[in-house]
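# Observations on chain architecture
Read off the chains here:
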Amino acid sequence: MKTAQLLRSIASGELSAGEVLDEAIARIDATDARINAFTGKTLARARAEANAVDARRARGEALPPLAGLPYAVKNLFDIEGMTTLAGSKINRELAPAPADAVLVQRLKAAGAVLLGALNMDEYAYGFTTENTHYGPTRNPHDVERMSGGSSGGSGAAVAASQVPFTLGSDTNGSIRVPSSLCGVWGLKPTFGRLTRRGTYPFVHSIDHLGPLADSVEGLALPYDAMQGADPLDPGCHAQRTQPVAAVLSQGVKGLRVGLLGGYFQDNATPAACAVAALAANTLGAVDEVTWPDAALGRAAAFIVTAAEGGSLHMADLRERADDFEPLSVDRFIAGALQPAHWYLQAQRYRRVHRDKVNALFEEWDLLVAPATPVSAPLIGTEWIEINGVKHPCRPAMGLLTQPISFAGCPVVAAPMWPAGTGGMPIAVQLIAAPWREDIALRAAKVLQDAGVAYLRTCHCGPGSSPGFQQDPQSILRSPGSSTMDPGSSPG
Amino acid sequence: MSDEEVLAYVNAAAAAAGLPLDAAGALRVAAHLARTAAMAQLLESAGLQAHDEPAEVFRPAPFPLEPLA
């Protein structure tokens, strides 16, 4: 049962919030030993929140919009009484958070039921959630493969049906990459849409927060509940709410839809290109479009990320570099040593990039591109090959997402299932102009209703073998037969 | 920059920043920085003009939500 139906069942009394919580806990207990999505659980709190919902219904009160809906959050969100790890060993020494992150407060007010905190790459600097301190989060569709990152626990928890939605963060692709590799829906809102107050930062200039979910409604309903101005977050630019739930079914008729070519096809395998083409075709795309200077946008995002991330952790890098994640500490140090010119050039270019992108959206309403170049590689993969070019695996997972988030555009990641990937998913990015999440979500609903993008049930409980449940409606054909197997990448 | 120049830069900049690095660590960091240097070189082709200001989030104070009196 997915988000919308779950909420209806709870609202009607067909199911109690307590029963829904019992189901989620049972699913977590049955699957998390293999998946490793959770780093901490809040079961007593969850029980109290579910009981409160059931008590309100028993009193005949109107229920809030997310009443009884279970969820969990990436462990960089503050949870009252729990230490905010941000995927690190070092943060274990911090005091427990005195209050929930603002978005968690808003979800609580909307009646959602918090089950705990989820694994991630240390300090969000990664695309794979191969976390040395807490173990890798494994892909529920094949536990030998990566979940993606840095919100890997958030993607895997939804893919494993542990909870219907989660929260993650996305600086360069950290919601969209795990959505793609785990086959779940993801929403990276406009930069500045949702307050980040009460979360552990990575790159102040680019950090976004957003939901991952089992359905388009699972994105839209929590997203609406989390909206609102916050003058205390200098990166929150929204002045008021712009709810989307009521417009989800408006379709895409009349919208100008384009398929991104050039960079977004050069850096994508045939399987990734195939799902983008299918989505674009379903949405009535009329032309191929060029994103302005995508390689420059990615380069600038890379430099800003390294510089701000390195600077943020300078004190610990000086004093205790051995306590960092071995997979990312050298990148943090390299970032901390960048010449000022590189950083300032990248920040100056960001405005140029933004203006070119906004000009593009005067001619288009929605643009479509793959979210990742490949489906989930095996855990530990060092190199992948994309169209004959060898790339370091971990940074390459963000090749197609970084130019988009650097411009601040809202993106829905729509989970699709190409041929040639051994049954593993690849998501498609549905990209709209800043502040037009509604358009991206309307397009997502069209793909969902057409059966083109959707979740697949995975069998990831004890004793089950890695794999997935084949869905007959998902037979896609990629052009040609040259789709690489990401698990057999060189290196 | 050549590999040797990147490594020399890493060692000098790490000393300036007070970041202890052993020889093996400096080599690993230099490999990452060389990749970033290529991206920085790419950005040199962006044709930035003098009036292209940095993107920023700084504001002197929050925008007043109440109307002006």
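Definitions and cut-offs
Each residue is numbered by its place in its chain's sequence as written, counting from 1. To label them, take the chains in the order written and letter them from A, then take the ligands in the order written and number them from 1. Only residues with pLDDT of 70 or above have their local features reported here, since the model is predicted, and side-chain atom pairs are shown and tallied only from 80 upward, although totals for entire chains, interfaces and linings are computed over all residues. The helix count covers DSSP runs of H or I at least four residues long, the strand count covers runs of E at least two residues long, and both are numbered beginning at the N terminus. Remark: C-beta atoms are placed from the backbone, and a residue is labelled buried if 20 or more other C-beta atoms sit within 10 Å of its own, exposed if 12 or fewer do, or partly exposed between those counts. Remark: nonpolar core denotes a set of buried Ala, Val, Leu, Ile, Met, Phe, Trp, Tyr and Cys residues whose joining runs through C-beta atoms within 7 Å. Any two residues are considered in contact once their C-beta atoms, placed from the backbone, lie within 7 Å. Three classes are used: nonpolar for Ala, Val, Leu, Ile, Met, Phe, Trp, Tyr, Cys and Pro, charged for Asp, Glu, Lys and Arg, and polar for all others, with Gly counted as polar. Between N-to-C directions, angles span 0 to 180 degrees; the directions come from axes that are lines fitted to C-alpha atoms, helices contributing only their stretch in contact. We call two directions roughly parallel when the angle between them is under 35 degrees, roughly antiparallel when it is over 145, roughly perpendicular when it lies between 65 and 115, and oblique otherwise. The criterion for strand pairing is that DSSP finds at least two bridges linking the strands in question. Confidence of the predictor at the level of single residues is captured by pLDDT, which takes values from 0 to 100.

### Brief notes about the overall build of chain A
Helix and strand counts for chain A come out as 16 helices and 17 strands. By principal-axis analysis of the C-alpha atoms, chain A measures approximately 60 × 55 × 50 Å. Taken across its 491 residues, chain A has 62% of its residues classed as buried.

### Brief notes about the nonpolar core
Note that soluble globular proteins tend to have their nonpolar side chains buried in a common cluster. Residues Ala-279, Leu-366, Val-368 and Ala-414 of chain A are the most contacted members of the largest nonpolar core, which totals 176 residues. Apart from the residues lying within four places of it in its own chain, the contact partners of Ala-279 of chain A are Val-368, Ala-414, Met-416, Val-428, Leu-447, Val-452 and Ala-453 of chain A.

### Things to note about the interface of chain B and chain A
Contacts between the two partners involve 24 residues from chain B and, on the opposite side, 30 residues from chain A. It is helix H2 (residues 23-43) of chain B that provides the largest number of residues to the side of chain B that touches chain A, a total of nine residues. Of the residues contributing to the side of chain B that touches chain A, the split by class is 17 nonpolar, three polar and four charged.

### Details of unusual backbone geometry
Backbone torsion omega between Gly-149 of chain A and Ser-150 of chain A reads 10°, so that peptide bond is classified as cis. Tracing the chain through its elements places Ser-150 of chain A in the loop between strand E7 (142-146) and helix H5 (152-159).

### As for the packing of helix H7 (residues 216-226) of chain A against helix H16 (residues 437-449) of chain A
All names here are of chain A. The N-to-C vectors of H7 and H16 enclose an angle of 155°; their axes lie 9 Å apart at closest approach. With respect to H16, the axis of H7 lies roughly antiparallel. Each of Val-216, Leu-219 and Ala-220 in H7 lies in contact with H16, whose residues at this interface are Leu-441, Ala-444, Lys-445 and Gln-448. Taken together, the residues that form the contact of H7 with H16 break down as five nonpolar, one polar and one charged.

### Details of the sheet that holds strand E11 (residues 257-260) of chain A
Residues and elements named next belong to chain A. Strand order in the open sheet formed by eleven strands is E1-E3-E2-E8-E10-E9-E16-E17-E13-E11-E12, with mixed pairing between adjacent strands. The outermost strands of the open sheet, each flanked by one partner alone, are strand E1 (38-41) and strand E12 (287-289). Geometrically, the sheet is characterised by an average inter-axis angle of 30° between neighbouring strands, direction not taken into account. Relative to strand E3 (residues 113-118), strand E2 (residues 70-74) is paired through four bridges, and the arrangement is parallel. Residue Tyr-71 lies in a different strand from E3, and its bridge partner there is Leu-114.

### Structural notes on the environment of Ser-205 of chain A
Residues and elements named next belong to chain A. Among the structural elements, Ser-205 can be located in the loop between strand E9 (185-188) and strand E10 (208-213). By the C-beta count within 10 Å, which is 21 here, Ser-205 ends up buried. Considered as a pair, Ser-205 and Gly-235 are 30 residues apart in the sequence and their alpha carbons are 7.6 Å apart.

### Comments concerning helix H4 (residues 102-109) of chain A
All names here are of chain A. Among the residues making up H4, those that are buried are Val-102, Leu-103, Val-104, Arg-106 and Leu-107. Check the buried side of H4 and you find it contacts E2, E3, strand E8 (165-170), E10 and H7. Phi turns positive, to about 95°, at Gly-111, one or two residues after H4.

### Examining the environment of Lys-445 of chain A
Residues and elements named next belong to chain A. Residue placement: Lys-445 occurs in helix H16. Each C-alpha atom, one on Lys-445 and one on Ser-9, is 21 Å from the other, the two residues being 436 residues apart in sequence. In this structure, Lys-445 is in contact with Val-216, Leu-248 and Ser-249, ignoring residues within four places of it in sequence.

### Considering the confidence of the model for chain B
Taken as a whole, chain B shows an average pLDDT of 87; of its residues, 86% reach a score of 70 or greater. Across the predicted assembly, pTM comes out at 0.91 and ipTM at 0.79.

### Regarding H5 of chain A
Residue and element names in this part refer to chain A. Taking burial as the measure, the eight residues of H5 include eight buried ones, the bulk of the element. Every buried residue belonging to H5 is among Gly-152, Gly-153, Ser-154, Gly-155, Ala-156, Ala-157, Val-158 and Ala-159, and all of these are buried. Two residues or fewer past H5, Ser-161 is found with a positive phi of approximately 60°.

### Examining the environment of Asp-449 of chain A
Looking at the secondary structure, you find Asp-449 of chain A in helix H16. A sequence separation of 309 residues divides Asp-449 of chain A from Pro-140 of chain A, and the C-alpha atoms of the two residues are 24 Å apart.

### What to know about the pairing of E9 of chain A
Residue and element names in this part refer to chain A. Side chains Trp-185 and Leu-187 of E9 all project onto a buried face; the interleaved residues Gly-186 and Lys-188 project onto the opposite face, where all are buried too. Where E9 meets E10, two bridges bridge the pair, whose relative direction is antiparallel. Looking at the pairing, Trp-185 lines up with Ala-213 of E10. As paired strands, E9 and strand E16 (residues 411-416) are joined by three bridges and run antiparallel to one another. Bridging from a neighbouring strand, Leu-187 pairs with Val-412 of E16.

### Description of the packing of H4 of chain A against H7 of chain A
All names here are of chain A. At a closest axis distance of 8 Å, the pairing of H4 and H7 adopts a crossing angle of 110°. If you check the angle between H4 and H7, you find them roughly perpendicular. Along its contact with H4, which presents Leu-103, Arg-106 and Leu-107, the element H7 presents Pro-222, Ala-225 and Met-226. Looking at the contact of H4 with H7 residue by residue, the classes come out as five nonpolar, no polar and one charged.

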